[in-house]
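Breakdown of the fold
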Amino acid sequence: MIHSWLKHLPGGRSLIIVVPYLWMLLFFLIPFIIVFKISFSTSALSIPPYRELLQWTDEAVKLTVHFGNYLFLMEDRLYWVAYLSSLKIAAIATILCLLICYPVAYAMAHAPSHWRNLLLMLVVLPSWTSFLIRVYAWMGILKNNGYLNNLLIWAGILDEPIQMLNSSFAVYIGIVYAYMPFMILPLYTNLVKHDHSLVEASLDLGAPPWKTFLTVTLPLSKNGVIAGSMLVFIPSVGEFIIPELLGGPETLMIGKVLWQEFFNNRDWPVASAVAMVMLALLVIPIMLFQHYQSREMGQNP
Amino acid sequence: MKAQRLGTFSISSLVIGFGFLYIPMLILVIYSFNASRLVTVWAGFSTKWYVELFQDQQLLDAAWMSLKIAFLTACMSLVMGMLASLALVRLGRFRGKMSFAGMIPAPLVMPEVFTGLSLLLLFVAMEKSFGWPGGRGMLTIWIAHVTFSTAFVTVILSSRLKEIDRSLEEAGMDLGASPLKVFFVITIPIITPALLAAWLLAFTLSLDDLVIASFVSGPGSTTLPMKVFSSVRLGISPKINALASIIIALVSLGVLTAGWIVRGWERKKTLGIPQ
């Protein structure tokens, strides 16, 4: 019998673990180590364009660790400015996104139950279309002779078009718009589980609605706020498409700097060092998110 | 949570929120039928940009390449994600479970530029050491896409696996079915909606990726987002509006169909009709 043979196959259980484990080791962990390694190398005119750290010379292994890339990043103001402005732009955009999405998620969670699935579908639908296309949509809206300027001139609010595309304003709009679904979904899943009797108790005891919100609803939704904010903040810091298409010369973001270092300057070791520092800045937000996520996934029912 | 009547504040935040979300896409669709080359000035109804779109052989080739990669990515990451979520949810404790549970969802939060760069450096290093994967192209893009899609698939499937009633599986085992048979005859049919959702998510993630594919692709393997990006960089174009409208239409159709199918399944379940 075929299945009794399979049942006694010793590898069944370990095969389930080993296959995805090996895949992740090979294509996630090892690449990570390689970036770390190459960030201590120097660029060279060869293929691939970097020097090996370990070299065989006269029957001895020579290890050259080069800290120059990190020193270079510390000395050049460009990188400092890029890191700081990425963090600042991502933080402001995350707060804006939270302020816009919280009321929406709250209203969705309080909507009649036959509406909720439809609203949920409407939130998810844009994220199934293309990210690139959704950022592109704002290029037409914000450009000098774009829809928004035309509308404002037509309405008599403006006399001549103002520069909106290629500015930090456009980058904020782009991030908020593109990452909205990632903020709404965790907030909604959290808010919809709340026990409404707590809010009623607070209101019955005479607390005004705003106080009830601040002391009951908001603290209860802490996990949703953290999850949503991290899902917006972390990818925004390394964002490339939005600053490239909507940003201007003054919106320096580290994802774009890394891209240029790699594709235009072809300096792989510096690009690796830029990537490692970027990740170091994101360690705390990532740990916060991982803590929340792996606890959710790893726990048994 | 108990449903109540929505206040004015809630209704206006829904209107503003969804307006913000949908108006830009609506504008894209409307102006894709604009006769003028100047995308933002309306000059009458025309479908000529759609005709031009379907005559652009490079764009069609890129679209075909993207669809092939997305299909293969979705299939592979479904298998990987299924194995990973079984390992996380069903196999109890094993050595290295903590590192496994930490590593699997990590690509979800990695900045794309980091993932792209790190995979490229791996492929280059592998090529140098043992001559594989022999240049970069479809295969390397597929590997990169499977790696990050598996994270999403695992999140969806493991949360579904945790919810399902295990008594059905236990009944199957008690009646003498092998674990493998129980898995295919009982577990798989129960989680089919989640499998469908995960497959579709992996498919669209792969279809949409620009940054990672740009790092790990080689000459001759240009994907649709790479083609669109190089055109969009030069400014807005009515042809891209037409392409965007087609994508929006297909996605809406897909989401509606999937929603309709899942609702049918749920109704069948509540009526107690055996599958």
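This one's a predicted model, so the numbers in the text were calculated from it and none came from an experiment.

Moving on, we get to the state of the cysteines. Residue and element names in this part refer to chain A. Enumeration according to the criterion identifies zero disulfides over all chains in this entry. Free of any disulfide, cysteine 97 has its nearest cysteine sulfur in cysteine 101, 3.9 Å distant. Accessibility expressed as a relative area gives 0% for cysteine 97, which makes it buried.

Attention shifts here to the interface of chain A and chain B. Tallying the contact residues gives 98 residues for chain A and 95 residues for chain B. Interface of chain A and chain B: buried area, both sides summed, is about 9,200 Å²; carbon and sulfur atoms make up 79% of it. Here Glu244(A) makes a salt bridge to Arg233(B), at a shortest N to O gap of 2.9 Å. One can count nine residue pairs in polar contact (both at pLDDT 80 or more) joining chain A with chain B. Of all the elements, helix 2 (residues 12–38) of chain A adds the most residues to the side of chain A that touches chain B, at 19 residues. Per-class residue counts for the side of chain A that touches chain B are 69 nonpolar, 20 polar and nine charged.

Residues and elements named next belong to chain B. Looking at where asparagine 34 falls in the secondary structure, it is placed in the loop between helix 1 (8–31) and helix 2 (48–53). On the basis of relative accessible area, asparagine 34 is assigned to the buried category, the value being 0%. A distance of 3.2 Å separates a polar side-chain atom of asparagine 34 from the backbone nitrogen of serine 36. Once residues within four sequence positions are removed from consideration, asparagine 34 is found in contact with Val39, Val41, Trp42, Ala43, Gly44, Ser46 and Trp49.

Turning next to the environment of Val15(B). With respect to the helices and strands, the residue Val15(B) is situated in helix 1. A sequence separation of 29 residues divides Val15(B) from Gly44(B), and the C-alpha atoms of the two residues are 30 Å apart.

Our next topic: the packing of aromatic side chains. The final tally for this structure, using the stated rule, is 31 aromatic pairs over all chains. Ring geometry for Phe40(A) and Tyr70(A): centres 5.3 Å apart, planes at 40°, overall tilted. Placement of the pair is Phe40(A) in the loop between helix 2 and strand 1 (54–57) and Tyr70(A) in helix 3 (residues 68–75), with a sequence separation of 30 residues. Overall, the relative accessible area of 19% leaves Tyr70(A) in the buried class. Taking the centre distance of 5.5 Å and the plane angle of 85° together, the rings of Tyr177(A) and Phe20(B) count as edge-to-face. Taken together, the residues span two chains, with Tyr177(A) in helix 8 (residues 168–191) and Phe20(B) in helix 1. According to the relative accessible area criterion, Phe20(B) is partly exposed, its value standing at 23%. Following the ring pairs from residue to residue traces out a cluster consisting of Phe240(A), Trp259(A), Phe262(A), Phe263(A), Trp268(A), Phe215(B) and Phe229(B).

Attention shifts here to the nonpolar core. Met108(A), Ile241(A), Ile242(A) and Phe215(B) are the most contacted members of the largest nonpolar core, which has 170 residues in total. By residue number, the principal contributor to this core is helix 8 of chain A, which donates 15 residues. Ignoring sequence-local partners within four residues, the contact set of Phe215(B) consists of Leu258(A), Trp259(A), Phe262(A), Phe263(A), Val113(B), Gly116(B), Leu117(B), Leu120(B) and Arg136(B). Of all hydrophobic cores here, the second largest spans five residues; its members include Leu125(A), Trp128(A), Val251(B) and Val255(B).

As a further point, take the confidence of the model for chain B. On average, chain B scores 87 in pLDDT, and the residues at 70 or more come to 95%. Predicted confidence in chain B is weakest over helix 4 (residues 97–103) of chain B, with a mean pLDDT of 81, and strongest over helix 10 (residues 211–216) of chain B, with 94.

Below, the discussion takes up the environment of Ala178(A). All names here are of chain A. Summarising the element assignment, alanine 178 is placed in helix 8. Owing to a relative accessible area of 1%, alanine 178 belongs among the buried residues under this scheme. Measuring from C-alpha to C-alpha, the distance between alanine 178 and proline 249 comes to 21 Å, with 71 residues separating the pair along the chain. Residues within four places of alanine 178 in sequence aside, it is in contact with Phe131, Arg134 and Ile242.

Procedures and definitions
Numbers given for residues are sequential positions, taken from 1 along each chain in its written order. The order in which chains are written sets their letters, starting at A; the order in which ligands are written sets their numbers, starting at 1. Where totals are concerned, whole chains, interfaces and linings use all residues; where local detail is concerned, this predicted model gives features only for residues with pLDDT of at least 70, and gives and counts side-chain atom pairs only at 80 or more. For side-chain calculations, the full set of non-hydrogen atoms in the structure is used, while hydrogens and water are omitted. Count a disulfide wherever a pair of cysteine sulfur atoms falls within 2.5 Å. The buried label goes to any residue with under 20% of its type's maximum accessible area, the exposed label to any with over 50%, and the partly exposed label to all in between, with areas taken from a 1.4 Å probe on protein chains only. Residues are treated as being in contact if the distance between any of their heavy atoms lies within 4.5 Å. Accessible area that two parts lose when put together, evaluated with a 1.4 Å probe and summed over both, is termed the buried area. The working definition used for a salt bridge is a side-chain nitrogen of Lys or Arg within 4 Å of a carboxyl oxygen of Asp or Glu. As used in this structure description, the phrase polar contact means that two N or O atoms lie within 3.5 Å; if the pair is within protein, one of them must be able to donate a hydrogen and the other to accept it, and residues adjacent in sequence are counted only when both atoms belong to side chains. Helix numbers and strand numbers start at the N terminus; a helix is a DSSP run of H or I with at least 4 residues, a strand a run of E with at least 2. For this classification, Asp, Glu, Lys and Arg are treated as charged, while Ala, Val, Leu, Ile, Met, Phe, Trp, Tyr, Cys and Pro are nonpolar and the rest, including Gly, are polar. Two aromatic rings, drawn from Phe, Tyr or Trp (for Trp, its six-membered ring), form a pair once their centres lie within 6.5 Å of each other, and the interplanar angle then sorts them: stacked below 30 degrees, edge-to-face above 60, tilted otherwise. Residue types Ala, Val, Leu, Ile, Met, Phe, Trp, Tyr and Cys, when buried and joined through side-chain atoms within 4.5 Å, form a set referred to as a nonpolar core. pLDDT is a residue-level measure of predictor confidence that goes from 0 to 100.

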